[in-house]
Amino acid sequence: MPDIARLSAMELVALYRGKRLSPVEAARAALARIASCDGAVNAFSLVDEEGALAAARASEERWRRGEPLGPVDGVPATIKDLVLTRGWPTLRGSKTAGTEPSEEDAPPAARLRESGAVLIGKTTTPEFGWKGVTDSPLTGVTRNPWNTRMTPGGSSGGAAAACALGMGTLHLGSDAGGSIRIPSGFTGVFGLKPSFGRVPTYPPNPNHTLVHAGPMTRTVGDAALMLNVLARPDARDWFALPYEERDYRVGLEGGVSGLRVAFSPTLGGARVDAEVAERVASAVRVFEELGARVEEADPGLGDTERIFWTIYFGAASVLVANVPAEKQALLDPGLREVAREGAAIRLDDFIRASVTERAAVGRKMKLFHQTYDLLLTPMLPIPAFEAGREAPEEGKAGRWVRWTPFTYPFNLTGQPACSVPCSFTSGGLPVGLQIVGPMHADALVLRAARAFESARPFRMPEGPREG
């Protein structure tokens, strides 16, 4: 038996079904990894050992009877600490949050629980998920497993670090500007931002039309399995897509032969580290080797940074305004700064960005996908940088949006996009490739990611590495 904590969800379920492994053993293995590894990376804001073992024992009994609740029954899972989870507080990385346990599950947590997943804890996030790295006034700095001096990215940085180290098998992230894909790219795990509305979310927040919830896993197959669960309907989200009763694992091995694939190395002019650019170009050639018709092409999206900045930080001003005045001094200073900038945005500029300009970006991508089935880009223009910073060079690179030019455009358009680990820098840090599909083509994005994974299997760190 290999290391239980490193097994995929599909391997775990097959072993449970064959009575060769118990969900209790899998839960204990995940908890043991947390005990041995989390001190180095700080991925968890809450670990519920007692609750996890109780859930695992209940799952063990269901498997003994041959009556699992769902396709992930008994699989250890984590929830990002922005997501309401019954019986646990939702602290959001903030000293301003109440500590009382939630009385309900948000839709993604509810779907995992209903399917029998063993919820082991909540993973760290920057305060209210506001930036592309993971540190907060409440939980401190979260670190990259490949080099603990470096950031894992954010805002789902705790989930990414936990995923890479086997501290759980299925990890729930959220993404309003890159928050699943940034940490997946920096830590070398697989992360999918599904089409907007594919995974119901609740309660709404000021950035709701940018927010996607999705899986972060060590294999593409596990992400497909997890999406089967997360995409089930929930009437609380009135933005949710009509439910499609489908298995995202079906067709996963279909490959990319014959697909029309565009590669945009800079997405309109982003500056990309030379080593990252070389690794990504090598990964793109794999698609050619697998039979795809690849050509360099750019969708010409224009100034998406300004559009996103206006919408995202305008909403941040509303979020901060909702914090009681006597608690605002407890907030992350960076969050207070962007809230002030957001409050200064003119109403007509906000509406123009939110409606007219955002629609123009979406239209360009719709037309682009009339010619191309998929778009490939670097996931990030740089490898991971020093933990505790918002940007590689504070004061020069500006806010986190400046170093994530490949992520937020596809929150504006709502398209499915994933981060696939494709290589490592000479310094041993992961490099990610982004695969973007047309709106609602989640299955195609997963299929392409699986084809790449088969050609270049992913690997994970044995344990946290000190820089």
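This text follows the structure it describes.
All values reported here derive from a predicted model rather than from experimental measurement. (Residues numbered from 1 in each chain as written. Predicted model: local features only at pLDDT ≥ 70, side-chain atom pairs only at ≥ 80, totals over all residues. Heavy atoms only, no water.)

I'm lost on the pairing of strand β8 (residues 212-217) in this one. Help?
Regular strands place their side chains on alternate faces of the sheet. By the criterion of burial, β8 is predominantly enclosed, with six of the six residues buried. With five bridges connecting them, strand β6 (residues 170-175) and β8 associate as antiparallel partners. Across the sheet, residue Asp175 finds its bridge partner in β8, namely His212. Pairing of strand β7 (residues 190-193) with β8, which is carried by two bridges, proceeds in the antiparallel orientation. Each bridged residue has a counterpart across the sheet, and for Phe190 the counterpart in β8 is Thr217. (Buried < 20%, exposed > 50% of the residue type's maximum accessible area, 1.4 Å probe, protein only. Helix = DSSP H or I, 4+ residues; strand = E, 2+ residues; numbered from the N terminus. Pairing = 2+ DSSP bridges.)

What is the right way to look at the packing of aromatic side chains in this model?
Where two aromatic rings form a pair, the distance of their centres and the angle of their planes describe that pair. Tallied over the entire structure, the rule returns 15 aromatic pairs. Relative to Phe452, the ring of Phe287 has its centre 5.9 Å away and its plane inclined at 15 degrees; by these criteria the two rings are stacked. Of the two residues, Phe287 sits in helix α8 (residues 274-289) while Phe452 sits in helix α13 (residues 442-455), which places them 165 residues apart along the sequence. Each of the two residues, Phe287 as well as Phe452, counts as buried. Note on Phe308 and Tyr408: the rings are 5.0 Å apart at their centroids and 20 degrees apart in plane angle, and the pair reads as stacked. (Phe/Tyr/Trp six-rings, centres within 6.5 Å; stacked < 30°, edge-to-face > 60°.)

Is there a simple way to explain the nonpolar core in this structure?
One recurring pattern in soluble globular proteins is that nonpolar side chains are buried together. Core analysis: the biggest nonpolar cluster contains 79 residues, and Phe190, Phe287, Leu433, Ile435 and Leu446 have the highest contact counts within it. Residue contributions to this core peak at eight residues, all from helix α7 (residues 220-230). For Ile435, the residues in contact, after removing those within four places along its chain, are Phe287, Leu374, Leu375, Leu376, Pro416, Ala417, Cys418, Val420, Val445, Ala448 and Ala449. (Core = buried A, V, L, I, M, F, W, Y, C linked by side-chain atoms within 4.5 Å. Contact = heavy atoms within 4.5 Å.)

Which parts of the structure should I look at to understand α8?
For an α-helix, the turn length of 3.6 residues means that residues three or four places apart are oriented alike. Here α8 contains 16 residues, and its C-alpha end-to-end distance of 23 Å stays within 8% of the 22 Å for a straight helix at 1.5 Å per residue. Those residues of α8 hidden inside the fold are in contact with β9 (260-263), β10 (293-296), β11 (374-378), β12 (417-424), β13 (430-436) and α13. Here α8 starts with a cap whose side-chain oxygen sits 3.0 Å from the backbone nitrogen of Glu275, and that cap is Asp273. Remark: Gly291 follows α8 within two positions and exhibits a positive phi of approximately 100 degrees. (Expected span 1.5 Å × (residues − 1). Polar contact = N/O pair within 3.5 Å; in protein donor to acceptor, adjacent residues only side chain to side chain.)

Sorry, what's going on with the packing of helix α9 (residues 304-321) against helix α10 (residues 333-343) here?
For any two helices packed against each other, one specifies the inter-axial angle together with the distance between the axes. Packing of α9 against α10 brings their axes to within 7 Å, and their N-to-C directions diverge by 110 degrees. Compared by their axis directions, α9 and α10 come out roughly perpendicular. Mapping the contact onto sequence places Trp309, Phe313, Gly314, Ala316, Ser317 and Val320 in α9 and Leu335, Val338, Ala339, Glu341, Gly342 and Ala343 in α10. Partitioning the contact of α9 with α10 into residue classes produces eight nonpolar, three polar and one charged. (Axes fitted to C-alpha atoms, helices over the stretch in contact; angles between N-to-C directions. Parallel < 35°, antiparallel > 145°, perpendicular 65-115°, else oblique. Nonpolar A, V, L, I, M, F, W, Y, C, P; charged D, E, K, R; others polar.)

What is the right way to read a nonpolar patch on the surface from this model?
The grouping of Leu347, Ile351 and Val355 at the surface amounts to a nonpolar patch, some 300 Å² of accessible area in total. With respect to the helices and strands, the residue Ile351 is situated in helix α11 (residues 347-368). With a relative accessible area of 44%, Ile351 lands in the partly exposed category. (Patch = residues over 30% accessible without salt bridge, like charges linked within 9 Å, V, L, I, M, F, W, Y side chains within 5 Å. Areas by Shrake-Rupley, 256 points an atom, 1.4 Å probe, with all protein chains shown as cover. Salt bridge = Lys/Arg side-chain N within 4 Å of Asp/Glu carboxyl O.)

How should the pattern of salt bridges be read in this particular structure?
Close approach of charged atoms allows side chains of opposite charge to pair. Following the criterion strictly, the structure yields 32 salt bridges and no others. Here Asp81 ties to Lys122 by a salt bridge, and the two come within 3.2 Å at their closest N and O atoms. In this pair, Asp81 is assigned in the loop between β2 (76-80) and α4 (107-114) and Lys122 in strand β3 (residues 118-123), connecting sequence segments 41 residues apart. Of the charged contacts, one joins Asp348 and Arg346 as a salt bridge, the two residues approaching to 2.7 Å between their closest N and O atoms. Judged by its relative accessible area of 52%, Arg346 is exposed.

Can you walk me through the sheet that holds β6 in this structure?
Whenever strands of a sheet pair, they do so through backbone hydrogen bonds, lying parallel or antiparallel. Pairing is mixed across the open sheet formed by 11 strands, whose spatial order is β1-β3-β2-β6-β8-β7-β12-β13-β11-β9-β10. If you trace the sheet from one side to the other, it starts and ends with β1 (44-47) and β10, each paired once. With strand direction ignored, the average angle separating the axes of adjacent strands in the sheet is 25 degrees. Relative to β12, β7 is paired through three bridges, and the arrangement is antiparallel. Looking across to β12, one finds that Leu192 is bridged to Cys418.

What exactly am I supposed to notice about unusual backbone geometry here?
Working note: non-glycine residues mostly have negative phi, and peptide bonds are mostly trans. At the junction of Gly154 and Ser155, the peptide bond is cis and its omega measures out at 10 degrees in the coordinates. With respect to the secondary-structure elements, Ser155 resides in the loop between β5 (140-141) and α5 (157-164). The amide bond that connects Tyr202 to the next residue, Pro203, takes the cis arrangement and shows omega of -5 degrees. Along the chain, the position of Pro203 falls in the loop between β7 and β8. Positioned with a positive phi, Asn42 is a non-glycine residue whose angle comes to about 60 degrees. Structurally, Asn42 can be placed in the loop between α2 (23-41) and β1.

Please clarify how the side chain of Thr78 should be interpreted in this entry.
Within the element layout of this structure, Thr78 appears in strand β2. Its relative accessible area of 0% is what places Thr78 among the buried residues. Within the local environment of Thr78, its side chain forms a polar contact with the side chain of His171, the two groups lying 2.8 Å apart. Excluding anything up to four places from it in sequence, Thr78 contacts Phe44, Ile120, Gly121, Thr123, Met167, Leu170, His171 and Leu172.

Mind showing me how you'd approach the packing of α4 against α7 here?
For the pair α4 and α7, the least separation of the axes is 8 Å and the interaxial angle reads 105 degrees. If you check the angle between α4 and α7, you find them roughly perpendicular. Contacts from Pro108, Arg111 and Leu112 of α4 reach α7 at Met226, Val229 and Leu230. When grouped by side-chain class, the residues that make up the contact of α4 with α7 number five nonpolar, no polar and one charged.

Sorry if this is basic, but what is going on with the environment of Pro23 here?
Inspection of the secondary structure assignment puts Pro23 in helix α2. Between the C-alpha atoms of Pro23 and Leu347, which are 324 residues apart in sequence, the distance is 53 Å. With near-sequence residues (within four places) excluded, Pro23 lies in contact with Tyr16, Ala56, Ser59, Glu60, Trp63 and Gly74.

Help me out: how do you make sense of the pairing of β11 in this one?
In terms of residue burial, β11 counts as a mostly covered element, since five of its five residues are buried. In the sheet, β9 pairs with β11 via three bridges, with the strands oriented parallel. Bridge pairing in β11 links Val261 to Leu374. Here β11 runs beside β13; their pairing, made up of four bridges, is antiparallel. The residue of β13 that forms the bridge with Pro378 is Leu433.

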